[in-house]
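# Close look at the chain arrangement
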Amino acid sequence: MSRLVFEPITLRGMTARNRLWVPPMCQYSVEAQDGVATDWHMVHLGGLARGGAGAVIVEATAVTPEGRISPQDLGLWNDEQRDALAPIVGFMQSQGTKAGIQLAHAGRKASTYRTFEPERSGSVPVSDGGWQTVAPSALAYPELAEPQALDQAGIKQLIAAFQAAARRAVDAGFDFIEVHGAHGYLLHEFLSPLSNTRDDDYGGSLENRARFLLQVVDVIREEVPDDMPLFVRLSAVDWIDTGLTIDDTVQVVRWLDEHGVDLIDVSSGSNLPAKIPSGPGYQVKFAETIRERTGVPTAAVGLITQPFQAEHILTTGQADVVLVGRESLRNANFPIHAAQVLRHKTPPTPIQYHRAYR
Ligand SMILES: Cc1cc2nc3c(=O)[nH]c(=O)nc-3n(C[C@H](O)[C@H](O)[C@H](O)COP(=O)(O)O)c2cc1C
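Residues numbered from 1 in each chain as written. Predicted model: local features only at pLDDT ≥ 70, side-chain atom pairs only at ≥ 80, totals over all residues. Heavy atoms only, no water.

Database annotation for the protein chain, UniProt heading Cofactor (unreviewed entry): "FMN". (UniProt positions renumbered as here; feature names shortened; annotations may be inferred.)

Spelled out as structure tokens, the structure:
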């Protein structure tokens, strides 16, 4: 039986073998705090590729040291970091998986203790290896240190940092790039009126608030080969009445489309604490609305844990790709498992393991 989750998908010059992909998930595992990928990243990302994913997106990877969420994040601001990622990319591709990377700057949510740090949370002080954070406006995220508002020269430098990181991602062999424009990190902070109270070209109207994101997209598009797909992850809504709405996001996606973005990875929230009605597939409706109203391909994400649920999202035209996050951490072989459950005739198993599936 053939299933839509196992249909290849082509975006620009890239064809992924199936539509069950792994979204970016921070591992906070660079113990040396130098942004350089380690054996953990090889085994973690390699295992997800071996498990049959059509594509795996490497965790939020900072374009500058100050853009890291925690001191243990990956970075791509120097060549050593590029060279450590290259063999991981090569291994993922050897498994038939497309390798993507999420380029990020954490803005006012940077310099925090990693989520699994024992007995410590919140901002890391400078005395403990933290740093001064930056943001569109000097408005702190609750219980985090106050950021410095970026001036226009600072914005320019960060645009250049995204461009340089994109070059390194291409040189490391990645098949595609995703820009992190969600979850209350820097680019989302600019987009959202909850965190952006600027009165220059980068604040005020939606057009002004989207300027930084579009400028980042432009320099990346300029830097990478024409046939390389470019994705953007957005928080479709802030889940707060005075924040970003789905109508705002639809407009931003229309602009992103005009600027050469190929797929929107549709998440939500996290710019301020909010009540989120989370449950199975709770964000899928946003992927559906964006796809329907803009014609831009979307990826659905958020509590998608079952093979038939993933298949249903695709067959009902709600999204083009399904991202399976935490379920992939529980079962790195989720795509192989899905093939069995859905009675798909050619599960994405590694050739070395074929005797286990006869
Ligand atoms: C351990 C962990 C790390 C995450 N790190 C990132 C990240 O680096 N970038 C990002 O955009 N989202 C990140 N997320 C969010 C996931 O990509 C995904 O959107 C979220 O977990 C919802 O999908 P799920 O219900 O399938 O897990 C992370 C989630 C988890 C569980």
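After that view, the rundown keeps rolling.
Before going further, it helps to spend a moment on the site of the ligand. As a matter of local geometry, the ligand sits amid 15 residues, with P24, C26, Q102, L303 and R326 nearest to it. R326 is positioned with one of its side-chain polar atoms (N or O) 2.6 Å from an oxygen atom of the ligand. In isolation the ligand offers 610 Å² of accessible surface; the protein chains occlude 82% of this area. Here the ligand occupies the largest pocket. Tallied by class, the residues present in the shell around the ligand amount to eight nonpolar, five polar and two charged. (Near = heavy atom within 4 Å. Polar contact = N/O pair within 3.5 Å; in protein donor to acceptor, adjacent residues only side chain to side chain. Areas by Shrake-Rupley, 256 points an atom, 1.4 Å probe, with all protein chains shown as cover. 1 Å grid on protein atoms, 1.4 Å probe; cavity = no way out; pocket = protein on both sides within 12 Å on 5 of 7 lines; lining within 4 Å. Sits in = over half its atoms within 2 Å of the grid points. Nonpolar A, V, L, I, M, F, W, Y, C, P; charged D, E, K, R; others polar.)

Quantified by volume, the largest pocket comes out at close to 1200 Å³. Along its surface, the largest pocket is lined by 41 residues, and P24, Y28, H183, Y185 and S270 are the ones closest to its centre. Top contributing element to the lining of the largest pocket by residue count: helix 10 (residues 326-330), with four residues. Residues that form the lining of the largest pocket fall into these classes: 20 nonpolar, 14 polar and seven charged. Reported here for the second largest pocket is a volume of approximately 170 Å³. Lining the second largest pocket are T64, E66, H105, Q132, V134, L150, D151, A153, G154, Q157, L158 and A161. Take the lining of the second largest pocket: its biggest share by element is five residues, from helix 3 (residues 152-171). Residue classes in the lining of the second largest pocket are distributed as five nonpolar, five polar and two charged. (Points joined across faces, edges and corners; volume = space filled by probe spheres on them. Helix = DSSP H or I, 4+ residues; strand = E, 2+ residues; numbered from the N terminus.)

Quick look at the packing of aromatic side chains now. On inspection of all chains with the given rule, the structure shows eight aromatic pairs. Pairing W21 with F176 gives two aromatic rings, centres 5.8 Å apart and planes at 35 degrees, and the pair type is tilted. Linking W21 in strand 3 (residues 20-21) with F176 in strand 9 (residues 176-181), this pair joins segments that are 155 residues apart in sequence. Ring centres of Y202 and F212 lie 6.5 Å apart, and the angle between their planes is 85 degrees; on these two criteria the pair is classed as edge-to-face. Taken together, the residues Y202 in the loop between helix 4 (186-191) and helix 5 (206-209) and F212 in helix 6 (residues 211-223) connect sequence positions ten residues apart. F212 carries the same exposure label as Y202, and that label is buried. Through successive ring pairs, a cluster of aromatic residues spans W21, F176 and F231. Positioned above the aromatic ring of Y141 is the side chain of K109, whose terminal nitrogen or guanidinium carbon lies 4.9 Å from the ring centre. (Phe/Tyr/Trp six-rings, centres within 6.5 Å; stacked < 30°, edge-to-face > 60°. Buried < 20%, exposed > 50% of the residue type's maximum accessible area, 1.4 Å probe, protein only. Lys NZ or Arg CZ within 6 Å of the ring centre and 35° of its normal.)

Quick look at empty space enclosed by the protein now. Counted according to the given criterion, the structure contains one cavity of 30 Å³ or more. In this structure, the largest cavity encloses a volume near 40 Å³. Those elements giving two or more residues to the lining of the largest cavity turn out to be helix 4, strand 10 (230-235) and helix 7 (246-258). Looking at side-chain class alone, the lining of the largest cavity contains four nonpolar, four polar and no charged residues.

Within the element layout of this structure, G96 appears in the loop between helix 2 (79-94) and strand 6 (98-104). Placed 253 residues apart in sequence, G96 and T349 show a C-alpha to C-alpha distance of 9.9 Å. With residues up to four places along the chain from it excluded, the contact list for G96 reads R17 and G54. (Contact = heavy atoms within 4.5 Å.)

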